[in-house]
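Chain residues, written in single-letter form:
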Amino acid sequence: MKRLFLPSLILTALTLGLLADDSEPKRIYELRTYFANEGKLDALHARFRDHTCTLFEKHGIHNVGYWVPVENEDHRLVYLVSYPSRDAREKAWKAFFADDAWKSAYQKSIEDGKLVAKVESEFLVTTDYSPELKVTAADSARLFELRRYTTNEGKLGDLDRRFREHTCGLFEKHGMTNVIYLH
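Since the model is a prediction, treat every value here as computed from it, not as a measurement. (Residues numbered from 1 in each chain as written. Predicted model: local features only at pLDDT ≥ 70, side-chain atom pairs only at ≥ 80, totals over all residues. Heavy atoms only, no water.)

(A) Layout of the overall build of the chain. Secondary structure summary: the chain contains five helices and six strands in total. In sequence order, the chain lays out its α and β elements as β-α-β-α-β-β-α-α-β-β-α. Out of the 183 residues in the chain, the part that is buried amounts to 40%. In the chain, the share of contacts with a sequence separation of at least 24, taken over all contacts with a separation of at least 6, comes to 79%. Summing over all exposed atoms, the chain offers an accessible surface of approximately 10800 Å²; the carbon and sulfur share of this is 51%. (Helix = DSSP H or I, 4+ residues; strand = E, 2+ residues; numbered from the N terminus. Buried < 20%, exposed > 50% of the residue type's maximum accessible area, 1.4 Å probe, protein only. Contact = heavy atoms within 4.5 Å. Areas by Shrake-Rupley, 256 points an atom, 1.4 Å probe, with all protein chains shown as cover.)

(B) Layout of the packing of helix H2 (residues 41-58) against helix H4 (residues 100-109). For the pair H2 and H4, the least separation of the axes is 10 Å and the interaxial angle reads 160°. Relative to H4, H2 is oriented roughly antiparallel. For the crossing formed where H2 meets H4, the hand is left-handed. Note on element contacts: H4 touches H2 through Ala101, Trp102, Ala105, Tyr106 and Ser109, opposite Arg47, His51, Thr52 and Leu55. Grouping the constituent residues of the contact of H2 with H4 by class yields five nonpolar, three polar and one charged. (Axes fitted to C-alpha atoms, helices over the stretch in contact; angles between N-to-C directions. Parallel < 35°, antiparallel > 145°, perpendicular 65-115°, else oblique. Left-handed = near helix turned anticlockwise from the far one by under 90°. Nonpolar A, V, L, I, M, F, W, Y, C, P; charged D, E, K, R; others polar.)

(C) Here's a closer look at the layout of surface pockets. Looking at the second largest pocket, its volume works out to about 240 Å³. Taken together, 16 residues make up the lining of the second largest pocket; nearest its centre are Tyr34, Arg47, Trp102, Tyr106 and Val116. Those elements that provide at least two residues to the lining of the second largest pocket are strand S2 (28-36), H2, helix H3 (86-98), H4 and strand S5 (116-124). For the lining of the second largest pocket, the leading source of residues is H2, giving four residues. Residues belonging to the lining of the second largest pocket are distributed by class as follows: 12 nonpolar, one polar and three charged. (1 Å grid on protein atoms, 1.4 Å probe; cavity = no way out; pocket = protein on both sides within 12 Å on 5 of 7 lines; lining within 4 Å. Points joined across faces, edges and corners; volume = space filled by probe spheres on them.)

(D) Fine view of unusual backbone geometry. Notably, His75 is not glycine yet its phi reads approximately 55°, a positive angle. As for its position among the elements, His75 is in the loop between strand S3 (62-67) and strand S4 (76-83).

(E) Local environment of the nonpolar core. Core analysis: the largest hydrophobic core is formed by 20 residues, its most contacted members being Leu44, Phe56, Ile61, Tyr79 and Trp93. Elements supplying a minimum of two residues to this core: S2, H2, S4 and H3. Membership of the second largest hydrophobic core comes to 11 residues, among which are Tyr29, Leu31, Val78 and Val179. (Core = buried A, V, L, I, M, F, W, Y, C linked by side-chain atoms within 4.5 Å.)

(F) How the structure looks around the packing of aromatic side chains. This model, assessed by the stated rule, comprises 19 aromatic pairs. Three or more aromatic residues joined by ring pairs make a cluster, and in this case those are Tyr34, Phe48, Phe56, Tyr66, Tyr79, Trp93, Phe96, Phe97, Trp102 and Tyr106. The aromatic ring of Phe123 is capped on one face by Arg86, whose charged end is 4.0 Å from the ring centroid. Seen from the ring of Phe35, Lys118 lies directly overhead, with NZ or CZ sitting 4.6 Å from the centre. (Phe/Tyr/Trp six-rings, centres within 6.5 Å; stacked < 30°, edge-to-face > 60°. Lys NZ or Arg CZ within 6 Å of the ring centre and 35° of its normal.)

(G) View of the sheet that holds S3. One open sheet accounts for four strands, arranged S3-S4-S2-S5; its pairing is antiparallel. Two strands close off the open sheet at either side, each with one partner strand: S3 and S5. Taking each pair of neighbouring strands and ignoring which way they run, the sheet shows an average axis angle of 20°. Where S2 lies against S4, eight bridges are found, and the strand directions are antiparallel. By the bridge assignment for S4, Glu30 is matched with Val81. Of the strands in this sheet, S2, S4 and S5 touch H3, which is tilted by about 40° from S2. (Pairing = 2+ DSSP bridges.)

Shape descriptors only; they carry no functional weight alone.
Next up, the structure:
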């Protein structure tokens, strides 16, 4: 099986204000990780499959991709969604939570206990060398790898340059598919 890497440059100590150029709005990506309660991961998948994904799109939350770790002892669901801007994100989630269809689906899904114990969220923007994101249904049979790089202070530009000028090409040369690069 050909491995598909999802390298990602994520520096959690930075804020979006430092990452995005205010004069040119960048599409915002949100990497969300849900930690399901014991025995609730299948129900969480069902809620996303049957309700959440459709309602996200209805309210302007673009579904990019959903994954679970190969080794998943902590019952994680990891997904990536995107928005035209931070302001659009706030409006979309407000509308989503106010939607009667969501309220009903949520209440029904937790009749036997809450599905999610914890949610983690990171906001990201693409780098200048990120390929155009293309994830298709055929990718569901592939293995994705999410990589996180943390640099020393002042070294992010050097790491970006290395990926732009060398690493992305080397990954492709060795049969790895570059999916998206984010800060």
